[in-house]
Every structure is written in structure tokens, then in C-alpha cells.
Amino acid sequence: MRLFYMQGGGFLKVRSSLVQSLLAALGLPEDERDLVERGLIQPPDPEMGDIALPCFPFASILKTSPHNIAKDAASKLMQDPFIERLNPQGPYLNIFLKRSKVIPVVLMEILEQSDSYGRQNLGKDEVIVIDYSHPNIAKPFHFGHLRSTNIGADLARILDYLGYRVFRKNYIGDWGTQFGFVIYAWQKYGDEKILEERAVDYLVELYIRANKETESDPKIHEEAKSLFKRLEEGDEKLTALWKRFRALSIETYEKTYARLGVEFDSFEGEAAISRKVDEVISRFQKAGVAIESENAIVVEVSDVLNREIAPCMLRKSDGSSTYAARDCAEAIARWEDHKFAANMYVCSRQEDHFAQVFAALKKLARAENWEYDWSDRCENISFGYVRGMSTRKGSAVWLGEVLEEARDRARAVRLAKETSNPGAFPRLTSEQLDRISESVGLAALLYNDVSASRMRDLDFDWDTVLRFDGNTGPYLQYTYARIAGVFRKAEGGDYSEDSDSVERADFKLLTTEEEWSLVLAVREFPKAVLQSGRKREPHEIAGYLQNLAMKFNNYYGAHRILNVEHKSLSKARLGLLKAVQNILGLGMNLLGISALDVM
RNA sequence: GCGCCCGUAGCUCAAUUGGAUAGAGCACCGGACUUCUAAUCCGGAUACUGCAGGUUCGAGUCCUGCCGGGCGUACCA
């Protein structure tokens, strides 16, 4: 953790200098570095200072009052090159930074490091396995699945940025009784032509149809179960059918993923692991962890979890294995393959299930006396429920549908703006309009998912999900495109030279409050990424970017960039814009939102 | 019954993990485009942070008990 602050660069020059000076001024040993580092906050009012250190935590160490600590440290702190003035207020040590010194240093860091600004080595190249999206073949890929897919993809990118080697796993639901239903309906109604045309959508229909029939004829349930059993036993014809269904489904999913900009390293799902399940179950039994109960094989976990909870069932009374057993086997395989620093399941509403699985593994670890109990590294990244989309009532909104609607609305908005405000927007070819509409619509959707912290429930509502102004993805895109527009103008005008050599600008010329506030904001980016990764919370980045974009638009409205009194001032402002644009682009990229030069 | 999550402005959400005067966006009202993209900006009103206790220098945040909502509760995955 300390490593990344020390590795030069980063937020880094200013911050590490400051922390060093503070340690000395407070008379604290190097060990307390983290306490100081993490204690730094932004004062509620910029009038108070640029950075503040509440001194309460040091009172017990230094054996004097926070008030005295702040006052005392203030008198010893002047020698830091980045400090302008100190303003101790009671227990708070408020610091005003020397803007003329800080601004060039911060902006140069960003411009030099560009694409890698904020990249950190928190992970030290350790592996994180992250399991997300995991659609259930034969069940519809509806809007609700977007959350797991999106949150998982975001976290994967964020953790990668923090220096982990991320293994993206799409543990698809390609095994289980639902296949019995699909096969049953296929044998009864299957139509080759429709299958080729509509692929997975058709399989879903078959599944729903078989399910409906079960309501009036319970025998179908038995039929489906026995079909699945035959599949499990390796029936050749059924296996061939299953392989085909699976391949078709993955093909369809991959199209959707490509559209969303989401990637995976593996699509191996439940079917792949099911071969190892029996072995794992007997391992649980041999270790004395799993017991027989009501003809089933279960692991009692209420003792580990210290609460009343159903046991983790590994085998049902009819002899077939459960998905909990598959998850146990899968986790074991993941550890053997990756020796992960974390094994994450981005999955909603299954807290009990994962608690059971992790606890069962913990019991196995104890019984078998593992050298390292990695069950502690398994995490369920849960998230809120998307309301208003129950599959059973048939009111599910399919993801594809939402994507189309998003694109169409984005296009309509753009066209309306053009007519109400002619000349204000760049002309677009129809290809550009298509591409941009797709991208803006997607940005609205993806951003909506992370616009609140992940545990919050969301109501599905077209007008909420597809908003384009205010706290939205398109707002970020718009801000980025505005900056790109300025650079286009600069290159076309008297600034062609200046716009590609902004790093040689004289940043001391940036003296307005808005510029200072922007510099303070861009500097917080690495911290936001770090927090976001630690909390497994993409929303953290969304909130940060929103704030940055708001500060920029405020600046943009208050000051001109080009054609100001002195050309050198324009050049310095272009440098600031480049830095802001760079950060916006990096952050949007982490959220899977494309940065557009024109919109 | 038990477990997990959520409760903050009319609505949707923040609040640097226990820090100073609880902030944004939508909606509403009033302003700003012959010069860098008005999907924008500026100004205005709106809060007993569900309720009651407790912990301490300090609580929206932590602990306890209620109230309201969501989800789950061994043979569906």
C-alpha cells in the first residue's frame, strides 16, 4: 500500500511531500505515515483551506490536545515548498497550497503520464478472479442482467488499473434441469428454421412454453428431469443437442457483449465443473464435514456463521448435485488455477447461498488443515434489485430492446437540438449520427447503473434509465466533446502549434479560482480509483467524474480559452483542458463509456 | 419467526468510512447563445437524516430496541 505513494509520480509529488512534512512537523514516526495520509481531507469550505488535517487521532499518541497539535504543527510547517499559508482552526490544521507551485507540478504529471496517470500497483500483479454476467442459458437475458455485467466489467477494469491481474470469468448457467425443459419442448415443437433465425430467444421461448405446460400437467416436470438425467449420463443425441444450444447461446451473448464493450477470459460454466463435483462431494464427506440428512448430503454452517441458516446442500435426496456443490468445486478449481488474491462473485440476492458456500469451504479448510484458508478471499459482490421486471409475469424488459430504445432516443434528442439551435452543433453524417446515438444511448444506460451505490435497489423506468442531462453518462460525454471542440478550433486557428505542445505552457498564468478548483479536482483522480477498487464500488468513479465535469463546465462558462488577451494564457488553459480531458477519458473508459470527440 | 439490504429535500441519489455550516441532479421559478458544442452555465426555494435511547471531544455514519419498504429463508439455478 505504501509502495504506490512512494513510487514517484502520481498524486504523488505534492501529496508525498506534504505527508513527509506533516510527519516531521507533528513529530510522528514513519510508521504513522498511513494515519496522516488517510487523515487528509478537503475542508467543507474552500475559504478554510485547500487541504486539512483533523488532529484528533494524534492526541492519544502525542499526549496533548488536538488544538495544540494543530497550532504547534502549523508553526513548524512553513518549509514545505508547496505550502503557502497555514490556518489552524481549533483541532483542524488547514493548509493553503502555493498555487503557482502546485499547478505546474500537477498538470505536468498528468500530461506526461497521460494514459497511465493514476495507475497503481496496489495489486502487485496478484490475480483476482471476477465472476460476472453469468446468464442462464434458456432464461431471458433481460435488463436486470445488465447490472451484474456492468458492475463486474467496471470492477475488472478498475482492479486492473490498480495493478491486479484480472481473470474475467463468465460462469454461465449451462447445466441443470432447465435444459431438460428446453430439450423437452424442442423435441415436441422444435423448428430448425426458427432456431437458426432467433437462436437463444427461441430457446427461451421453448423454456417458457414447457414451464407453462407444467402448470397444467405436472408430469412434464418429471419428463424434463429425466431428460436432464440422461444428458448427465452422457446420452449422445442429447449431448449433441446440448452442445448446439450452448454454442448458439454463447454466440448470441458475444454479440451483446461486443455491443456493451464487455470482455471475458472464460465462458466455462456449470457444465464444465460438473465433472468434478462428485469428487468434491466425497472429499467433503471424507473430511467429516458433510453429513447425511433427510436423504440429502449437507454441510451444517450455522455454527461457522453463528446464526440460524439452512445447511449448505451438496446433494439432493434424488442423488443429483446442487449448484452449491458446483460452486464449491468451482471455487476449489479457481484456487488451484490462480491462487487468487480475491475471488469475486458479482451476483445479487444470493447472500445466503454464498455465505453457505464460503462457510462450507471454511469448514473443509479446517477439517483438512489447509496451509492457507483462502475461503476468506471469496467475496460476494452483491447489488440492489432492479424492480419492475419480473420474468414470471412476463413483464421482463429485454436488454436488446433497451439498447435499441436508448439509441433511438439519443438520436431524437440530437436531431431536436439541431433544429432548435441551428448552427450550434457540428454537422454529422448519417453514419456519424448512428454511431454517436448508439454510444450516447449506451452511456446513459451504463451510467445509470452506477449512478447510485450498488446496494441500492433500482426501479426500472424508461424515462429514468434513458436520461441524457444532469447526472448522467451523456453529460460526461458532452463535457469531453466540448473540450475536443476547443482543440479543433485551436488547431484550425492561430494555435495549431500551441495545442500540441501544451506541456511547454506557462502554467503559472492560471490564476483564477475556477482553474485552481479544477486542478484540485483532477489531482483527486488516483484517490477516487483507489477508493473505488477497495470498496468494489464503481459508483465512486461515477461520482468523481460528475463532480469534475461540473467544475469544468462551470469554468467553461466563466472563462474563454481561445482569443484572450495573451496567447500564452490561451496556451496554459489549453494545457489545463488537456489534463481535464485526459482524466475524463480515463475515468469514462473505466466505466465502459466511450469518450466522443464530437456529439 | 429468522437472516441480509435499504430508509437523507416533492422525486432520484451524495456525504472523503466517526470530522467543521448535510451536498448534487431532476422537477419548479428567473436569467445567459452574432465569438471555444445551450445534452450547457448562473441565480432562487426546499431537510427534526424513519422514531427512541446509547457510545465520545464529535454520529446521517457505530451499538441496542422499535417502525416502514425490498429480497431471501435445505432438494430451482
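Here the structure is a predicted model, which is why all the values come from computation and not from measurement.

What follows covers the sheet that holds strand β7 (residues 296-299). Read from one edge of the open sheet, three strands run β6-β7-β8, paired in antiparallel fashion. Either end of the sheet is taken by a strand with one partner, and the two such strands are β6 (290-293) and β8 (312-315). Taking the axes of each pair of neighbouring strands and ignoring which way they run, one obtains an average angle of 40° across the sheet. Two elements, β6 and β7, share four bridges in a ladder whose sense is antiparallel. Paired with Ala290 across the bridge in β7 is Val299. Of the strands in this sheet, β6, β7 and β8 are in contact with helix α12 (residues 270-286), which crosses β8 at around 125°.

Per the stated rule, a full pass over the model turns up 26 aromatic pairs. Arranged with centres 6.5 Å apart and planes meeting at 45°, the rings of Tyr253 and Tyr257 form a pair that is tilted. Residue Tyr253 and its partner Tyr257 are located together in helix α11 (residues 236-260), separated by four residues, close to a single helical turn. Tyr257 matches Tyr253 in its accessibility class, with the two residues each being buried. The structure contains a cluster of three or more aromatic residues connected by ring pairs, namely Tyr132, Phe141, Tyr253, Tyr257, Phe264 and Phe267. Seen from the ring of Phe96, Arg85 lies directly overhead, with NZ or CZ sitting 4.0 Å from the centre.

On to the protein's contact with RNA strand B, then. The immediate surroundings of RNA strand B are formed by 70 residues, with Glu270, Lys417, Phe425, Ser453 and Lys535 found nearest. Between RNA strand B and Asp457 there is a distance of 3.3 Å, counted from a sugar or linking oxygen to a side-chain nitrogen or oxygen. Between RNA strand B and the protein, one listed contact pairs a base oxygen with a backbone N or O atom of Asp597 at 3.5 Å. In terms of residue count, helix α19 (residues 473-492) provides more of the surface near RNA strand B than any other element does, eight residues in total.

A few words on a nonpolar patch on the surface. Residues Ile41, Phe56 and Tyr92 make up a contiguous nonpolar surface patch of about 270 Å² in total accessible area. Its location among the elements puts Tyr92 in strand β3 (residues 92-97).

With that settled, the discussion passes to the state of the cysteines. For the coordinates displayed, the defined rule picks out zero disulfides. Cys312 forms no disulfide, and the closest cysteine sulfur to it belongs to Cys328, at a distance of 4.8 Å.

Here we come to the domain arrangement of chain A. It is common to report an interface's size as the accessible area lost on association of the parts. Annotation of chain A at the domain level lists domain 1 (2-97), domain 2 (177-260) and domain 3 (399-590). The C-alpha centroid of domain 2 is placed 63 Å from the C-alpha centroid of domain 1.

Moving on to the sheet that holds strand β10 (residues 378-381). Strands sit in the order β5-β4-β9-β10 across an open sheet of four strands; the sheet is parallel. Each edge of the open sheet carries a strand with a single partner, namely β5 (165-169) and β10. Sheet twist, expressed as the mean angle between neighbouring strand axes with direction ignored, is 20°. With four bridges connecting them, strand β4 (residues 127-131) and strand β9 (residues 342-346) associate as parallel partners. Among the inter-strand pairings, Val129 is bridged to a residue of β9, identified as Asn343. Lying over the sheet, helix α14 (residues 323-338) contacts β4, β5 and β9, oriented at roughly 140° with respect to β9. Strands in contact with helix α15 (residues 351-368) are β9 and β10; relative to β10, the strand with the most contacts, it is inclined by about 180°.

This paragraph deals with a negative patch on the surface. Residues Glu112, Glu491, Glu497, Asp500 and Glu503 make up a contiguous surface patch of negative charge. For Asp500, a relative accessible area of 56% puts it in the exposed group.

The next subject is the environment of Ala156. Structurally, Ala156 is set in helix α7 (residues 143-161). With 189 residues separating them along the chain, Ala156 and Tyr345 place their C-alpha atoms 12 Å apart. Excluding anything up to four places from it in sequence, Ala156 contacts Ile130, Tyr132, Val166 and Arg168.

Calculation notes
Residues numbered from 1 in each chain as written. Chains lettered and ligands numbered in written order. Predicted model: local features only at pLDDT ≥ 70, side-chain atom pairs only at ≥ 80, totals over all residues. Heavy atoms only, no water. Pairing = 2+ DSSP bridges. Helix = DSSP H or I, 4+ residues; strand = E, 2+ residues; numbered from the N terminus. Axes fitted to C-alpha atoms, helices over the stretch in contact; angles between N-to-C directions. Contact = heavy atoms within 4.5 Å. Phe/Tyr/Trp six-rings, centres within 6.5 Å; stacked < 30°, edge-to-face > 60°. Buried < 20%, exposed > 50% of the residue type's maximum accessible area, 1.4 Å probe, protein only. Lys NZ or Arg CZ within 6 Å of the ring centre and 35° of its normal. Near = heavy atom within 4 Å. Polar contact = N/O pair within 3.5 Å; in protein donor to acceptor, adjacent residues only side chain to side chain. Patch = residues over 30% accessible without salt bridge, like charges linked within 9 Å, V, L, I, M, F, W, Y side chains within 5 Å. Areas by Shrake-Rupley, 256 points an atom, 1.4 Å probe, with all protein chains shown as cover. Salt bridge = Lys/Arg side-chain N within 4 Å of Asp/Glu carboxyl O. Disulfide = S-S within 2.5 Å. Domains from an automatic or database assignment. Lys, Arg positive; Asp, Glu negative; His and termini not counted. Charge placed at Lys NZ, Arg CZ, Asp CG, Glu CD.

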